[in-house]
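Examination of the molecular architecture
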Amino acid sequence: MDAVHPTHPADDPGEDPGPGADLARAFAAPARDIRPKIYLFPPAVDAIGAAELSRAIEQIAAAGFGGVNLFDLDIAPTARRNDLLRSALETARRVGIAVDPTIHNTARFPEVTADSGVDQQEIAYGTAAIGGGTVYSGPVPEPATDPERPRTLVAVVAARRAAGGADAPDGADGAPVLLDRAGLADLTKDAEDGRITWTAPEGDWLLFGVWRRSTESPYADYFSARGTDAMTAYWDEQVFTPEIQKLVDEVDDTLFEDSLHLQGYQLWTPDLLAEFERRRGYSLRPYLPVVFIPHLNDWVANTFRAPQTRHPDTPADHDFADGTGARIRNDYYRTLSELYEEHHLRPLNAWARSHGLRYRPKPSYNATLDISAAAAVEVPNTENFAMGNRLDGIRAIAGAAHMGRRRRLVVETAPTTTRVGHDLYSTTWRQALSAAHGAFAGGANHAELHSFAYPRGPRSFGVSADGPEADWPGFWSYMGTSMPDVVGPLGLAEAYGPRMPYWAHTPDVTAFLAREQFVLQQGRPRVDVAVYRHSYWSHGFPYTANHSADDHFRWFTDTTMERLGYTYEFIGPALLDLPGARVAGGRLDPEGPAYKALVLDFAGQRAGVRGMPAAAARAVLDHARAGLPVIVVGELPDSTGFFGDAGDDADVRAALAALLATPGVRRVAAEDAVPDALAAAGVRPDFSPAAPSNVVGVHRADDRADFHFLYNQNGVNNMTGAPEPEPAPFDQTVALAGSGRPYRLDAWTGAIEPVAAYRSDGTGGGRITTRVRLAPGETALIAIVRDTVPDRVHAVESTADDLAVGSDGGVLVRAAAPGTHTVAFSNGRTAVAVVGALPDVATLSPWHLAVEDWLPGPDAAQTRVERHELRLDALAPWPDIPELRDVSGIGRYTAHVELGADWARNGNRARLDLGAVSDSVRVRINGELLPPVDPHRPVAEATAYLRTGHNTVEIEIATTLRNRLRTLDTHPAFAAAERQPYGLVGPVLLVPYGEAAVGLPA
C-alpha cells in the first residue's frame, strides 16, 4: 500500500466556526479565520515600499478578507525582507487580518543552487543502437537533451528490442519503442570513466545511459530530508527572528506552500534507487529505460503549453512488450509519493506547528503523486486552475481531506476563467463566484482569490525596480507582456484591488462568501458515495484527444448519479488504511464523511492504476461483509497493478472473487446503472430533487443541525463561469436529510428565516421536503435544526406564490395577483387567505445616468476620472450607447416613481426587479442603501424603503476594466477582446405583491 497515515488531529478548537447558541450571530458576522483570503504578489523586492505594502493590506482588510497570502518575500535579502515582513505583520495586527507566511513555490532561497545537494534533481537518458554480435566500445550514451549540462551517471542498461512498437520515441501520444523484459543487462558496474565496452548477444539492442543532474531550477528537493531541512533551517535562521515570531504568534493562521512547481525531464532524488529497492523489494536500475515519460512533471511544459496531454497514461518512450512497464512506473510513482509525504509534508507539518502555524500546502498538485497525501497535512489546499470549475478535480482531494478529519479544504479560486489566461481585467464577480461555488460543490469550503494587485512596479515580472515601470492600471505579476508564452496575451488570473471599478462592492461579496464558508465548515461532512480511484494524477487537463470537452475534467464520467442528487468523492487505498476507515451502521468512516456506499469502477480509472493492492482488496471485502453496500462497475482487476507486488496478484483475485459473492454487493455494466443499484441497496441521496437536475448539494451535520448547500449549475459554463445562451432556472421540491425545523440562511444579508412550508419524514434518519427555487448560478443554504417542540404544526403547501413565517409564528401568504389561496397544514387542516386588489406593476423610466469613466492618470498607480451625464429613455448595454462604447467605470442610474395611497393599502408590499444587469450592483431607495443584491437573481425587497408620493431609485453598476483597456496603445493585446456588456439593461420593475396572515390551526 501507499504511505499509511496515523490518526490526524483536526484543526485546533480555535478554528471552530461558531458556538451553537450564537449560530445566528456567528453566521451574520463570521470570524476572521472563516472569511475568504486573497493572494498578494508584490513585484521584485527592491520595488516594494513598506508604506505601499501596508496600504495594500489595509485595502484588503477593508474589503472584508480575513487574510492574505504574501508572496515572494522569502527570496529577498534578509534585512530588506524582514523589514517588509515586519511592516506587513504589524499592519495586519492593527487591521485585524492574517498575513500568512508563504513558502513560494516551495523553498526558493540562496542555498538552492545546482548540485548543492538540496536542489531539485532529474534523470535524462541517451541511447545507442547495437546489432547482435556487435562490440560497442565508446562513451556511455549522453542525454539526448542538454548533453552539455553537468551530470552524474546513474545506470547503463542494455535492452533487446521486441517486435512491434515504434521505431523511435515520438515524444507525444504515439506507440512506444518495445523492449523485451527478459533481454535486459545492467552494465552499470562495467562502466569506467564514462565509457563502456560490451558485446551484444543475438538480436537488436539499445544501450541506455541514464544520468542524474540538477534541473537548474530555484526549487529544493521535495523527496529528500536534505531539501526540507535546508529550507526549514533557512527560515529558522533568517526569517523567524524573535521579533517576527512574536508577530506571527499574534497575527498569522497558516504557513502556505504553493503548487508543486516541479521542473525537469524525469523526477529524481539522489537516494531514490536505494529507497526504491528497500520499499519495493527489487532494483529499479535495470528497469529505468521504461520509466521515462519526458516532462511529465514539468509544470510549465505540461501545464501552460499545448498540447497539455502528458499524464501517467501517456505512452512511455520505451515500454516492455509484456505490459509490465506500467506496473513498474506505478512502483516509481508510489515511491516518490511516499518520499514526498515522509520527507516533505510531515516534517513541514510539524515544523509549522512549532512556530504556531498550521501547514497549508497544495499536496501532490502538479505532479505524479498520490492525492491521498492531503490527509497528512493540517490544512490541505487546492486550486481550480487546472480543472476549470469541474467538481471531480476537487472531489479527488476532498476524500482525503474528509477522511483525514480536516475541517478546512482551501481552494485557490478564480485564478482564471478560461483555464489558461485571457481574462485579466475581465473577470466579473459572477464568474468568480461560479468558480468558488464549483469548488464548494466538490467539497472545498474556504476560498482564496487569486489575486490582489500591488499598485506599482516594473513592467515585467521578476525584474528589478530600475526596469521600465508598468503602465496604467499598474503592476501585475502575471501580465502577458512578461510571460506571453506561458500565460497568454492577456495574462493569467485577475488583478483585484482598487484599480478595478467594482472593488468598491467587494465587501458585499466577501461577506457573502464568508457566510457560505461558515455553513460549509460546520460539523462533519456527510457524503453519499465513495468512488474508489487510485491515481498518481490530480490534474483535470484533457489528457487525450479522444475525450470530449464535456468529460475531460471528469473522473467519473457519467452524470446520472450527480443529476439525481447523489454526492460522491474519491478515495484510494491509503485512505482505506486509516484508523477511521471502518464500517458501522452501514457507513464507511462513520465519524468522518460517513459514506453510504462504495463504488469500484476500474473501467473509469482514467490516468489511474489498473489494479488494486491486496490490502485494499481485503479491506473492501471486509467492509462489504460488515454491511457496506458495494457497487462494482464492469470488470474487476486481476492484479495489484504494481510490479513489486506481483506475488500478491492471486490474493487480489481471491479477495475480489469473494467480494462478488458477498450479499449486498451489486455488479452493473456501466456507470449510468450505478444509481439504480444504489437505490436497490437502499441508498438514498441526502439531497434529492423531484426530477434530475444540474443542482448539486453539500451536506454537513453536527449535534445541532443538518446544513445543506445547494448550487444551481444550470446555464453556467463550467470552464468559463459565463452564462450559457439559455440558462435554466431550478424550481422543484427537494428532499433533504435531517430531522427538525428547516431554516433558510441568506448569505447575502446574513438573515435567517424559518422555512414556512415543508413536509417531515421521520424515517431513515429523517428528511424534510420543501420547494427550492434557484436562478442559474444561484446558491441556497438550508439548516434543519433539531426541534424541541414535538409535532409542531406548520404549513406543508399552498396555492400561493410564496409563504413566510410571521413574527407571531403564523403563516404569511404572499401572492403577486389578487385572489383566494389555501394553505394546508401538517395536522391535516386547511386555511384560506384572501389577497386583495393590487396596484399595477411600475416600469421605471426614464433614467438619468451619471458615469465615472476610468482612464490612465499621471502615473501607473493613479486613475483619472471623466464624467458623463446621459438621459436614457430606454436602457441598453454600454457598448450600445455611443458615448459609453469603450468606457469602464461606475455608473449610477437614477429614476423616480410616484406611488399613490393604494400601494400601502391592505399591507401590500413590493419588490424591485432589476431585470438584466451586467454584474456588480448596489441599490438605494430614497437615499437608503438596500442589503446586497445577488447578481444571479437581482431582485430586492423594497417595501420598507418606499413611501407614498415621490420616490427616488438609484442603481449603481461597477464594471471591470476590459472595455477601456481595449482602446489603449499600452495594452495592444486587449484590442481583439470583445467588449463586455456593462450596465443596467432591465427592464427595472417595481412589482407589488399582497400579503395576508393565517393563524396556525389548533
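This is a predicted model, so every value here is computed, not measured. Position numbers for residues start from 1 in each chain and track the written sequence from start to end. Since the coordinates come from a predicted model, pLDDT governs what is reported: local features require at least 70, and pairs of side-chain atoms require 80 or more to be given and counted, while whole-chain, interface and lining totals use all residues. With hydrogens and water excluded, all non-hydrogen atoms of the structure serve as input to the side-chain values.

Let us look at helix H9 (residues 391-403). Helix and strand assignments follow DSSP, with helices taken as H or I runs no shorter than four residues and strands as E runs no shorter than two, numbered in order from the N terminus. Between the first and last residue of a helix there are one fewer steps than residues, each counted as 1.5 Å, and that sum is the expected span. Taking 1.5 Å of rise per residue, the 13 residues of H9 would be expected to cover 18 Å, and the 18 Å separating its terminal C-alpha atoms lies within 8% of that figure. Three exposure classes are used, based on accessible area relative to the maximum for each residue type with a 1.4 Å probe and protein chains only: buried under 20%, partly exposed in between, and exposed over 50%. A large share of H9 lies buried, amounting to 13 of its 13 residues. Residue Arg 405 follows H9 closely and has a positive phi angle near 65°.

All right, on to the sheet that holds strand S23 (residues 630-633) then. Taken in spatial order, the five strands line up as S19-S18-S22-S23-S24 in an open sheet, and their pairing is parallel. With one partner strand each, in any of the chains shown, strand S19 (568-571) and strand S24 (665-668) form the two edges of the open sheet. Adjacent strand axes in the sheet meet at a mean angle of 25° when their direction is disregarded. Pairing of S23 with S24, which is carried by four bridges, proceeds in the parallel orientation. Across the sheet, Val 630 pairs through a bridge with Val 665, a residue of S24. For two strands to pair, DSSP has to find at least two bridges joining them. Convention adopted: a line fitted to C-alpha atoms gives each axis, helices being fitted over their contacting stretch, and angles between N-to-C directions are expressed from 0 to 180 degrees.

With respect to the element layout, Lys 596 can be found in the loop between strand S21 (587-588) and strand S22 (597-601). Two N or O atoms count as a polar contact when they lie within 3.5 Å, although within protein this holds only if one can serve as hydrogen donor and the other as acceptor, and sequence-adjacent residues are included solely when both atoms are side-chain atoms. A distance of 2.6 Å separates the side chain of Lys 596 from the side chain of Asp 686, its partner in a polar contact. Whether two residues touch is decided by their heavy atoms; if any such pair falls within 4.5 Å, the residues are in contact. Setting aside anything within four residues of it in sequence, one finds Lys 596 in contact with Val 527, Asp 528, Gly 586, Arg 587, Leu 628, Pro 629, Val 683, Arg 684, Pro 685 and Asp 686.

Moving on, we come to the confidence of the model for the protein chain. Residue-level confidence of the predictor is summarised by pLDDT, bounded by 0 at the bottom and 100 at the top. Averaged over the protein chain, the pLDDT score is 88; the fraction of residues at 70 or greater is 87%. In the predicted structure, residues 1-20 sits below a pLDDT of 50 and forms 66 contacts with residues beyond four places in sequence or in another chain.

Most of strand S33 (residues 779-785) sits inside the fold, with six of its seven residues counted as buried. For strand S27 (residues 705-712) and S33, the ladder comprises seven bridges, and the chain directions are antiparallel. Bridge assignment links Phe 709 to a residue of S33, and that residue is Leu 781. Taken together, the five bridges between strand S29 (residues 741-745) and S33 define a ladder with antiparallel strand orientation.

Positionally, Arg 430 belongs in helix H10 (residues 429-442). The sign given to each residue is positive for Lys and Arg and negative for Asp and Glu; His and the chain ends receive no count. Each salt bridge in this description consists of a side-chain nitrogen of Lys or Arg and a carboxyl oxygen of Asp or Glu lying within 4 Å of one another. The charged side chain of Arg 430 is buried without a salt bridge, its nearest counter-charge being Asp 919 at 4.2 Å. Side-chain polar atoms of Arg 430 contact the backbone oxygen of Pro 935, separated by 3.0 Å.

Before going further, it helps to examine the sheet that holds strand S28 (residues 730-737). Strands sit in the order S25-S28-S32-S31 across an open sheet of four strands; the sheet is antiparallel. The sheet terminates laterally at strand S25 (687-689) and strand S31 (759-761), the two strands that pair on one side only. Between one strand and the next, the sheet's axes are offset by a mean angle of 35°, whatever the strand orientation. Relative to strand S32 (residues 767-774), S31 runs antiparallel, the two sharing three bridges. Following the sheet pairing, Asp 761 is matched in S32 by Arg 767.

Attention now moves to the packing of helix H4 (residues 225-239) against helix H8 (residues 325-354). With their axes 9 Å apart at the nearest point, H4 and H8 run at an angle of 25° to one another. Put simply, H4 runs roughly parallel to H8. Considering how the two elements wind past one another, H4 and H8 form a crossing that is right-handed. Between H4 and H8, the residues in contact are Ala 225, Thr 228, Met 231, Thr 232, Trp 235 and Asp 236 and His 343, His 344, Pro 347, Leu 348 and Trp 351, respectively. Asp, Glu, Lys and Arg are counted as charged, while Ala, Val, Leu, Ile, Met, Phe, Trp, Tyr, Cys and Pro are counted as nonpolar; the rest, among them Gly, fall into the polar class. Taken together, the residues of the contact of H4 with H8 break down into six nonpolar, four polar and one charged. In these notes the angle categories are as follows: under 35 degrees is roughly parallel, over 145 is roughly antiparallel, 65 to 115 is roughly perpendicular, and the rest is oblique. Crossing handedness is read from the near helix: turned anticlockwise from the far helix by less than a right angle, it gives a left-handed crossing, and turned clockwise, a right-handed one.

This next bit is on empty space enclosed by the protein. As defined here, a cavity is a set of points on a 1 Å grid over the protein atoms alone where a 1.4 Å probe fits but cannot get out. A pocket is an open set with protein on both sides within 12 Å along at least five of seven lines, and residues line them when an atom is within 4 Å of a point. Grid points are joined across faces, edges and corners, and a volume is the space filled by probe spheres set on the points. Enumeration over the complete set of coordinates arrives at ten cavities of 30 Å³ or more. Estimates place the volume of the second largest cavity at around 150 Å³. Lining the second largest cavity are 19 residues, and of these His 402, Gly 443, Val 527, Glu 569 and Val 698 sit closest to its centre. Secondary-structure elements contributing two or more residues to the lining of the second largest cavity are H9, H10, strand S17 (524-526), S19 and strand S26 (695-701). Here the residues of the lining of the second largest cavity are counted per class, giving eight nonpolar, seven polar and four charged.

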